[in-house]
Amino acid sequence: MIAEKLESLRTLLRSYGSCLVAYSGGVDSVFLARVTHDVLGEKSLAVIADSASLPRRELADALQIGERFGFPVRVVKTAEFENPSYLANPNNRCYFCKHELFEEILPLARAEKFAVIAYGENASDVGDFRPGAQAAKEFQVRAPLKEAGLTKAEIRELSAQLGLPTADKPQMACLSSRIPYGEPVTPEKLKMIEEAEYVLRDLGFYDVRVRHHMVGGGQKADVHLARIEVGPTELPRLLADGLSARVAEALKKIGYAHVTADLQGYRRGSVNEVLATRAEGKTLV
């Protein structure tokens, strides 16, 4: 079954003739970029968007993977931070980000005669709250992984078969996803989040999110609060042997006045939980 899906993907990519892949260095886009290059060779190109929402290590790793596996990667600068709608951080923030990305790479695709732009949405994403998919639809960007019926688990399995280092890479959304909807996105906040997550990853934690909140400072200005999420199985380690105190000290040096741990641990899309709560007419206390 999985072999049939892979062959369907290859057939689909071959039908494009040429393809520009929107590349992030994550599980899906690395796999897509590799297979696209295998099928189309010089008629393929991976393009990664660089902005304050992309961690520096992620950019470096994405470029290194392209070099290691022989598919070309081009870096383009995107300007979503010049868009007030993006900075306001509405619940469809991802739409503005993807719109900026596709608006940036469409002229590139046309100038270099790439017939199709593709991105890494997969079959497991169906039903998720994904505003970025609307931008993809508007720019007629294809989702060949989804069209071939490949799920996240299958992409990981095939990535392992290809020797890709991203086969077991944790989920990685952009840094702006760490800020609750309605709280403004700023490069300064994203830098704090990036450094805070490095602290945890350098300690060996696998599933990591540092959610960034602004809380009232009384008579003082609002202050930064870090809400740490690690994988549920990793939570006991964070809370044992004084490690949480060490983490809190490191994050306070970054600029957080308060450091907390989410006792539910990391779960995908936790930032969207408040949307569901509001839709049900509940109030968080």
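Residues numbered from 1 in each chain as written. Predicted model: local features only at pLDDT ≥ 70, side-chain atom pairs only at ≥ 80, totals over all residues. Heavy atoms only, no water.

As for the confidence of the model for the protein
On average, residues of the protein score 92 in pLDDT, and 91% of them reach the 70 mark or higher. Confidence drops under pLDDT 50 across residues 275-285; counting only partners more than four residues distant or on other chains, this segment forms six contacts. (pLDDT = per-residue confidence, 0-100. Contact = heavy atoms within 4.5 Å.)

Considerations on the nonpolar core
In terms of nonpolar packing, the biggest core is built from 43 residues, with Leu20, Phe102, Ile105, Leu200, Ile228, Leu238 and Tyr256 touching the most fellow members. Ranked by residue count, the leading element in this core is helix α5 (residues 93-111), at eight residues. Apart from residues no more than four positions distant in its own chain, isoleucine 105 is found in contact with Leu20, Ala22, Val47, Val76 and Ile117. (Core = buried A, V, L, I, M, F, W, Y, C linked by side-chain atoms within 4.5 Å. Buried < 20%, exposed > 50% of the residue type's maximum accessible area, 1.4 Å probe, protein only. Helix = DSSP H or I, 4+ residues; strand = E, 2+ residues; numbered from the N terminus.)

Remarks on the environment of leucine 101
With respect to the helices, strands and loops of the structure, leucine 101 is situated in helix α5. On the basis of relative accessible area, leucine 101 is assigned to the buried category, the value being 12%. Separated by 98 residues in the primary sequence, leucine 101 and alanine 3 have C-alpha atoms spaced 32 Å apart. If we skip the residues at most four places from it in the chain, leucine 101 touches Ala22, Ala49 and Thr78.

As for the environment of arginine 178
With respect to the element layout, arginine 178 can be found in the loop between α8 (152-161) and α9 (187-202). Between the C-alpha atoms of arginine 178 and valine 210, which are 32 residues apart in sequence, the distance is 6.4 Å. Setting aside chain neighbours within four positions, we find arginine 178 in contact with Met172, Ala173, Ile193, Glu197, Arg209, Val210, Arg211 and His212.

Description of the pattern of salt bridges
Pairing between side chains becomes possible if they bear opposite charge and their charged atoms approach one another. Inspection of every chain in the model, using the stated rule, returns 14 salt bridges. Here aspartate 38 and arginine 34 are joined by a salt bridge, their closest N and O atoms 3.2 Å apart. Placement of the pair is aspartate 38 and arginine 34 together in helix α2 (residues 27-40), with a separation of four residues, close to one helical turn. Residue class for arginine 34 comes out buried when judged on its relative accessible area of 16%. Overlapping salt bridges, with partners in common, bring together Arg211, Arg227, Glu229 and Asp262 in one network. (Salt bridge = Lys/Arg side-chain N within 4 Å of Asp/Glu carboxyl O.)

Structural notes on the packing of aromatic side chains
Geometrically, a pair of aromatic rings is defined through the distance of the ring centres and the angle of the planes. Within this structure, the stated rule accounts for five aromatic pairs. Here the aromatic rings of tyrosine 95 and phenylalanine 96 are separated by 5.3 Å at their centres, their planes lie at 80°, and the arrangement is edge-to-face. Given the relative accessible area of 19%, phenylalanine 96 is considered buried. On the numbers, 6.1 Å between centres and 50° between planes, the contact of phenylalanine 102 with phenylalanine 139 is tilted. You can see phenylalanine 102 sitting in helix α5 and its partner phenylalanine 139 sitting in the loop between α6 (132-138) and α7 (144-147), a full 37 residues away along the chain. Residue phenylalanine 102 is classed as buried on the basis of its relative accessible area, which comes to 0%. Among the residues examined, phenylalanine 139 registers a relative accessible area of 18% and is labelled buried. (Phe/Tyr/Trp six-rings, centres within 6.5 Å; stacked < 30°, edge-to-face > 60°.)

Re α2
Between its terminal C-alpha atoms α2 stretches 20 Å, which fits the 20 Å expected from 14 residues at 1.5 Å a residue. α2 sits mainly inside the fold: twelve of its 14 residues count as buried. Of all the positions in α2, only Val27, Asp28, Ser29, Val30, Phe31, Leu32, Ala33, Arg34, Val35, Thr36, Val39 and Leu40 are classed as buried. Count one or two residues on from α2 and you reach glycine 41, which has phi positive near 60°. (Expected span 1.5 Å × (residues − 1).)

Comments concerning α9
With 16 residues, α9 should reach 22 Å at 1.5 Å per residue; the first-to-last C-alpha distance of 22 Å fits that figure. All buried positions along α9 are accounted for by Lys189, Leu190, Met192, Ile193, Glu194, Ala196, Glu197, Tyr198 and Leu200. Immediately beyond the C-terminal end of α9, within one or two residues, lies glycine 204, with a positive phi of roughly 95°.

Description of unusual backbone geometry
A positive phi angle is found at glutamine 140, which is not glycine, with a value near 55°. You can see glutamine 140 is positioned in the loop between α6 and α7. If you check the backbone angles, aspartate 241 has positive phi at about 55° while not being a glycine.

Brief notes about the packing of α9 against helix α11 (residues 243-254)
Across the interface, α9 lies against α11 with an axial gap of 10 Å and an inter-helix angle of 155°. By the angle between their axes, α9 is roughly antiparallel relative to α11. Remark: the crossing between α9 and α11 carries right-handed chirality. The residues of α11 that touch α9, namely those facing Met192, Glu195, Ala196, Val199 and Leu200, are Val247, Ala250, Leu251 and Ile254. (Axes fitted to C-alpha atoms, helices over the stretch in contact; angles between N-to-C directions. Parallel < 35°, antiparallel > 145°, perpendicular 65-115°, else oblique. Left-handed = near helix turned anticlockwise from the far one by under 90°.)

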